[in-house]
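Here's the letter readout for the chains.
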Amino acid sequence: MKKQWWQEEVVYQIYPKSFYDSNHDGIGDLRGITEKLDYLQELGITMLWICPIYQSPMDDSGYDISDYTSIASEFGSMQDLEQLIAEAKRREIKIILDLVINHTSDEHEWFQKALADKDSPYHDYYIFKEGKQEPNNWRSVFGGSVWQKVPGREEYYFHAFGKKQPDLNWENKELRNRLYEMVNWWLDKGIAGFRIDAITFIKKDLTWKDREADGVDGLAKCAKASRNQPGIGAFLHELKERTFDRHACLTVAEAPGVPYEELGEFIGENGYFSMIFDFRYADLDIASGSEWFKRVDWSIKDLNEKIMASQSAIQKYGWSANFIENHDQPRAATKYLKEGQDNVEAVKTLAAMYFFLRGIPFIYQGQELGMKNFERTSVDEFDDISSIDQYQRSIQEGYTARQALQYVNMRSRDNARTPFPWNREQYGGFSDVKPWIGMTEEYPKVNAEAQIGKEGSVFEFYKQMIQFRQKGRYSRCFVYGGIEPTDSGDHVIAYKRYIENEEIYCWFHFGDTITEEILMEGQWEAIWQSYGNAEFDQNCLKLQPYQSVMLKRVS
């Protein structure tokens, strides 16, 4: 594909509620992000993705918006955001925001007017159905029916997610126009683009027919009928034409379930978005992205196959948004490394494996420190709406309370939403008062102050990787080059990055014993390793436990 301005970016995702509290209320805020821009500049990132900061009752952590053009008071003011944009720009850091346009909060003015008057034009901004019972058996992403009864009326409204998140009716042209006005308003403010939330849910199966039940509750998950539905392309094309194209901005879509053969429509040269996130390898430990109790055994070989399938498919059409953590995923060290989560070299190899894939690397806050999952002892300690639902559904499906808590601890979105540990002081330097949610247990040891400038730390490793990718001798190959999987052992993920006459072979060893990889005959040169010195000859590469090595083929 032709070069785009955003292909050289390294993105850092911020969950503002947990990044840094500047006003001593236990909640992170916009000024807190501004105060920590020097830290982010030191790390080397070039773009920030900030999770929702809009006015919201926070039933789903800000993904339930009650006013698209106002800032939630706990995060600050519009002036604070404008200052953050200006200060970031001064450091050559761009900012993208979350765009949530599948649904609003039930406290949004539009929905309140829809409830107040069935004959109001706002009533058609949402999806209402008359009747004495739920129109069908679809289950919402957060559990229970997708239908919520309207008080005092024989009428239900549709919500694919929480009951306080009514879906917008994208079949309504007037509603779409209002959304486009809002999107352009934000882009005119000088942001660089959006991460677009749950966008493949905007088109529904308009027959509203029952689906085959897939749980003991007699319901069927709504993704079967309200995600990636035929006809969605017309909406996505119009959205792009009316907003994104006019600003030449970056768009990264949360679009799970898009078939690889349809990627050209989504991220091709004339695709709806710049990139999409592919969740196939992120969800390799569960049979379904919405049911954490359906556990799946997996190996490094399985992970390798899923990542390379994703890379190969995306490469045919466009650019990849590469990640191992985000605000909806558990910590990568725990999920992917299991018993190796406390091994610093294992954490580094996991980081390097994904960071040098083809596409833009996304780093989630705290990932650069090697943060791990927490261990909660009661469901009462969770804030996340999805975690509480998964606990209850696990018990409903026949698991014990102990098993249910285990599944939620492993998969809870709260794992990534704990306060950022800046130092080893009480509350990790995130705040000087009790934070809105409990800290992780390891923060006295795993924190930014303990790692910045410390040789061998995970932070310094990320910093070196960013420098190597962005400004190193082989930057052009790693940013713009192609990728091919290469043969490797069961505990090794390996691939080739190449551009024109340059070939770089990369090995990432996830085993705890020495292993050997066969090399093609020829002359090789070591250009990078995670630790130690690369041991190789013309035919064999010896990998130390949890070691990453890159060799350049010179003849």
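Refer to the structure above for everything that follows.
Residues numbered from 1 in each chain as written. Predicted model: local features only at pLDDT ≥ 70, side-chain atom pairs only at ≥ 80, totals over all residues. Heavy atoms only, no water.

So, about the overall build of the protein chain. Secondary structure assignment for the protein chain yields 16 helices and 25 strands. For 555 residues, the compact-globule formula gives about 24 Å, and the C-alpha radius of gyration of the protein chain, at 24 Å, lands near that figure. With 555 residues in all, the protein chain has 61% of them scored as buried. Here the contacts in the protein chain between residues at least 6 apart in sequence split such that 68% fall between residues at least 24 apart. For the protein chain, the computed accessible surface area is about 21900 Å², with 44% contributed by carbon and sulfur atoms. Within the protein chain, one finds 65 positive and 88 negative side-chain charges whose respective centroids are separated by 2 Å. (Helix = DSSP H or I, 4+ residues; strand = E, 2+ residues; numbered from the N terminus. Rg over C-alpha atoms; globule rule 2.2 N^0.38 Å. Buried < 20%, exposed > 50% of the residue type's maximum accessible area, 1.4 Å probe, protein only. Contact = heavy atoms within 4.5 Å. Areas by Shrake-Rupley, 256 points an atom, 1.4 Å probe, with all protein chains shown as cover. Lys, Arg positive; Asp, Glu negative; His and termini not counted. Charge placed at Lys NZ, Arg CZ, Asp CG, Glu CD.)

As a further point, take the nonpolar core. Looking at soluble globular proteins, one finds that nonpolar side chains tend to be buried together. The biggest cluster of nonpolar side chains holds 149 residues, and the ones touching the most others in it are Tyr12 and Leu48. Sort the elements by how many residues they give to this core and helix 11 (residues 344-355) lands first, with eight residues. Core analysis: the next-biggest nonpolar cluster, separate from the first, contains 14 residues, Phe142, Trp147, Phe201 and Trp208 among them. (Core = buried A, V, L, I, M, F, W, Y, C linked by side-chain atoms within 4.5 Å.)

Attention now goes to the packing of aromatic side chains. Evaluation of the coordinates by the stated rule reveals 54 aromatic pairs. An angle of 80 degrees between the planes, with centres 5.4 Å apart, marks the rings of Phe355 and Phe356 as edge-to-face. Three or more aromatic residues joined by ring pairs make a cluster, and in this case those are Tyr12, Phe19, Tyr20, Tyr39, Phe420, Trp422 and Phe459. Sitting above the plane of the Tyr480 ring, Lys3 keeps its charged end 4.4 Å from the centroid. Across the ring face of Tyr498, the terminal group of Lys496 is positioned such that the distance to the ring centre comes to 5.3 Å. (Phe/Tyr/Trp six-rings, centres within 6.5 Å; stacked < 30°, edge-to-face > 60°. Lys NZ or Arg CZ within 6 Å of the ring centre and 35° of its normal.)

This paragraph deals with the sheet that holds strand 17 (residues 360-364). Within the open sheet, the eight strands sit side by side as 13-12-10-5-2-1-17-16. Their pairing is parallel. In the strand order of this sheet, the two ends are held by strand 13 (275-277) and strand 16 (321-322), each with one partner. Two elements, strand 1 (residues 11-14) and strand 17, share three bridges in a ladder whose sense is parallel. Residue pairing for strand 17: Gln13 is matched across the bridge by Tyr364. (Pairing = 2+ DSSP bridges.)

Turning our attention to the sheet that holds strand 24 (residues 540-543). As summarised here, the arrangement of the three strands in space is 21-24-23, forming an open sheet in which the pairing is antiparallel. Across the chains shown, the open sheet's two edge strands, defined by having one partner strand only, are strand 21 (515-518) and strand 23 (535-536). As judged from the four bridges shared by strand 21 and strand 24, these two strands associate in the antiparallel manner. The residue bridging Glu517 from the neighbouring strand is Leu541, located in strand 24.

On to helix 15 (residues 458-471), then. Look at helix 15: 20 Å from first C-alpha to last across 14 residues, which is about the 20 Å you get at 1.5 Å a residue. Those residues of helix 15 not exposed but buried are Val458, Phe459, Glu460, Phe461, Tyr462, Met465, Ile466, Phe468 and Arg469. (Expected span 1.5 Å × (residues − 1).)

Our next topic: helix 5 (residues 173-188). If you check helix 5, its first and last C-alpha atoms are 23 Å apart, about what 16 residues at 1.5 Å a residue would give, namely 22 Å. When we look at burial in helix 5, the residues that qualify are Leu175, Arg176, Leu179, Tyr180, Met182, Val183, Asn184, Trp186 and Leu187.

In this structure the tally under the stated criterion is 42 salt bridges. As a salt-bridge pair, Lys496 and Glu503 come within 3.6 Å of each other at their nearest N and O atoms. (Salt bridge = Lys/Arg side-chain N within 4 Å of Asp/Glu carboxyl O.)

Okay, the environment of Gln41 next. Here Gln41 lies in helix 2 (residues 37-43). Residues contacting Gln41, with those up to four places away along its chain left out, are Arg91 and Ile93.

Our next topic: the pairing of strand 15 (residues 291-295). Each regular strand carries side chains that alternate between the two faces of the sheet. Pairing analysis gives two bridges linking strand 14 (residues 286-288) to strand 15, with the strands arranged antiparallel. Of the residues in strand 15, the one forming a bridge with Ile286 is Arg295. Remark: two residues form the turn of the hairpin made by strand 14 and strand 15, two consecutive strands paired antiparallel.

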